[in-house]
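Okay, here's what each chain looks like letter by letter:
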Amino acid sequence: MSSQRPRIGLTGGIASGKSTVASLLAERGALIIDADRIVRELQEPGGAGLAAIVEAFGPAMLTPEGQLDRAALGALVFADDQARERLNGLIHPLVRAEAAARLAAAPAEQLVVEDIPLLVETGQAPSFDEVIVVQAPLEVRLSRMERDRGMSREQALGRIQAQASDEERAAVATQLIINDAGLPELEAQVRALWGRLLASREG
Ligand SMILES: CC(C)(COP(=O)(O)OP(=O)(O)OC[C@H]1O[C@@H](n2cnc3c(N)ncnc32)[C@H](O)[C@@H]1O)[C@@H](O)C(=O)NCCC(=O)NCCS
Ligand SMILES: Nc1ncnc2c1ncn2[C@@H]1O[C@H](COP(=O)(O)OP(=O)(O)OP(=O)(O)O)[C@@H](O)[C@H]1O
């Protein structure tokens, strides 16, 4: 077995099925580093991310209990490119530092998959040996966002437009997962991918 662990990234547009793919890989033994989860931890009261957000956008971004008002910040940044870029500039360096620390601390024998929704947007693709891209049809993604997150179609489209296109992500993918059918079909693709990742590690 090679001693050098491959760097594996997992990405895809909002509601494409990334977290589902991450869970299926975790079931097979991958360690998942979840960028969205790191963001949420940084945004807890007392976290460096929340302090930076309040400094940049003001106390209107807090609920009366002192938590991040996600709806208020989301309404601002998904309607205003400049505000979103400012938020990204504050949060992304903190996320990268925390992800790097977790990667360094991971057991050497375990395959680590970094689930990073904005991997392509943040220009990180060249740092990865593998870029797994999950894609699902636009209509399916929109109805998931309306169903699961109670978003209007306009809000859902605003988020999709704040991200890279399917073509941009496909251009840097080493593995495309097309999530356009049911869970058994998705599982079959993940099983094949896992076999290839293990084989390339051993090869
Ligand atoms: C704006 C916030 C408060 C909205 O919170 P909310 O609970 O509504 O959404 P959540 O955090 O669950 O994000 C859901 C999805 O939205 C998309 N998204 C989130 N932030 C961004 C962004 N800055 N640009 C483009 N898409 C984004 C991603 O696909 C993400 O998976 C939150 O997304 C946030 O703090 N974003 C900034 C940090 C970031 O860039 N996160 C993305 C992954 S590193
Ligand atoms: N093949 C599938 N068949 C049925 N439901 C699916 C399938 N793939 C994903 N889903 C469902 O679609 C929803 C969105 O999937 P998931 O949370 O994995 O997407 P995501 O890309 O991680 O989303 P986000 O960007 O919002 O974090 C979930 O409710 C999930 O159970």
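Residues numbered from 1 in each chain as written. Chains lettered and ligands numbered in written order. Predicted model: local features only at pLDDT ≥ 70, side-chain atom pairs only at ≥ 80, totals over all residues. Heavy atoms only, no water.

A few words on the pattern of salt bridges. Within this structure, the stated rule accounts for eleven salt bridges. The partner of R102 in a salt bridge is E41, and the shortest N-O contact between them spans 2.7 Å. Placement of R102 in helix α5 (residues 81-105) and of E41 in helix α2 (residues 35-42) is noted, with a sequence separation of 61 residues between them. According to the relative accessible area criterion, R102 is partly exposed, its value standing at 28%. In this structure E41 comes out as partly exposed when scored by relative accessible area, which is 40%. Between D148 and R147 there is a salt bridge whose closest N-O contact spans 2.6 Å. (Salt bridge = Lys/Arg side-chain N within 4 Å of Asp/Glu carboxyl O. Helix = DSSP H or I, 4+ residues; strand = E, 2+ residues; numbered from the N terminus. Buried < 20%, exposed > 50% of the residue type's maximum accessible area, 1.4 Å probe, protein only.)

This part is about the UniProt feature "binding site: ATP" (unreviewed entry) in the protein chain. Using the residue numbers shown here, the UniProt feature "binding site: ATP" (unreviewed entry) corresponds to A15, S16, G17, K18, S19 and T20. You can see S16 is positioned in the loop between β1 (8-12) and α1 (18-28). Look past the residues within four positions of S16 in its chain and what remains in contact with it is V134, A136, R141, R144 and N179. Mapping G17 onto the fold places it in the loop between β1 and α1. A residue is classified by how much of its surface remains accessible, and G17, at 13% relative accessible area, is buried. Beyond its immediate sequence surroundings of up to four residues, G17 is in contact with V134, R144 and N179. (UniProt positions renumbered as here; feature names shortened; annotations may be inferred. Contact = heavy atoms within 4.5 Å.)

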